Amino acid sequence: MCGIVGLFLKDKSLEPQLGALLTDMLVTMTDRGPDSAGIAIYSEDREGFAKLTVQMNDPAGFEGLGDEMSKALGTDVSVEVKDTHAVIELAEAKLDEARTALAELRPEARIMSQGEVIEIYKEVGLPADVAKRFDIAHQHGTHGIGHTRMATESAVTTLGAHPFSTGADQCLVHNGSLSNHNSLRRKLAREGIKVNTLNDTEVAAAYLTWKMQQGKSLGDALEASLEDLDGFFNFVVGTKDGFGVVRDPISCKPAVMAETDQYVAFGSEYRALVNLPGIEDARVWEPEPATVYFWKH
């Protein structure tokens, strides 16, 4: 049992509230998963720039990293530290070089996400504590996804927490369990897709990345997952400009959605949505089994 929340904003006037709204939604789901929590925030695009969100158990390791990476890459690199995470921002053309430099300069650093707009913050602990550590309530953005985990198939660690990001500006959260993740992990490895943890959800995220690398849209990749993934799952997926939802054909895991002129929201339970603005006038429904839903800016 885990808790998922997601919020896709249509109304730009709500963007300064994204972090606060998501935090409230996720904290409401605490009793569905007290082991670890995480949030992905999608912010406005700065043309020509990209960012890495990285984690280190000892934040002291971030000291001097900006200057060292600037020297190694021959370009300006900014590093904004937030507790055990830091957002490294630099010219988009230097992103691949930055990953290589980071591995050499700070081999203990672990990349949580990369892309033009995505930032992922996740740690072991309760949602309220994790959100407070990273000041999520003051984050601005266009859409975001959150997850609180009750571990079932792998260890309670930072890397085992959701969301999982396996492609640029992509992430996935999951409630359920997959029965064929080990065979899929081997198949993805043969295709050159690396999975870093034993978590079945990372396999699902990597599967979608693989499908999209083959030229499929997110919607088509989610449709394919209904055939190729065995088990129970509710997936909420984020991309640079989109937000997708799919449930397995049996749909034994709870899910509810709400839509107004201002937003689309997802929650594992309706109580996650009750404090959203205008919720009393929203169209509220339970997502259909084996049906892909997708919204795009």
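Our structure's up above, just so we're on the same page.
Since the structure is predicted, the reported quantities are computational estimates derived from the model, not experimental observations. (Residues numbered from 1 in each chain as written. Predicted model: local features only at pLDDT ≥ 70, side-chain atom pairs only at ≥ 80, totals over all residues. Heavy atoms only, no water.)

A. The packing of aromatic side chains, seen in detail. In total, this model carries seven aromatic pairs according to the counting rule given. Plain terms: the ring middles of Trp285 and Tyr293 are 6.2 Å apart, the flat faces sit at 50° to each other, and that makes the pair tilted. No difference in accessibility class separates Trp285 from Tyr293, as the two residues are buried. Taken together, the aromatic side chains of Phe8, Phe243, Trp285, Tyr293 and Trp295 make up a single cluster linked through ring pairs. (Phe/Tyr/Trp six-rings, centres within 6.5 Å; stacked < 30°, edge-to-face > 60°. Buried < 20%, exposed > 50% of the residue type's maximum accessible area, 1.4 Å probe, protein only.)

B. View of the sheet that holds strand 1 (residues 3–9). In space, the seven strands of this open sheet follow the order 7-2-8-1-13-12-14, with antiparallel pairing throughout. Where the open sheet ends on each side, the last strands, each with one partner, are strand 7 (118–124) and strand 14 (283–285). Going from strand to strand, the sheet's axes swing by 10° on average, the running direction of each strand aside. In this structure, strand 1 lies alongside strand 8 (residues 143–149), joined through six bridges in antiparallel fashion. Residue pairing across strands places Ile4 opposite His147, the latter belonging to strand 8. Sheet strands touched by helix 1 (residues 18–28): strand 1, strand 2 (36–42), strand 8 and strand 13 (263–267). Its angle to strand 1, the strand with the most contacts, is close to 155°. (Pairing = 2+ DSSP bridges. Helix = DSSP H or I, 4+ residues; strand = E, 2+ residues; numbered from the N terminus. Axes fitted to C-alpha atoms, helices over the stretch in contact; angles between N-to-C directions. Contact = heavy atoms within 4.5 Å.)

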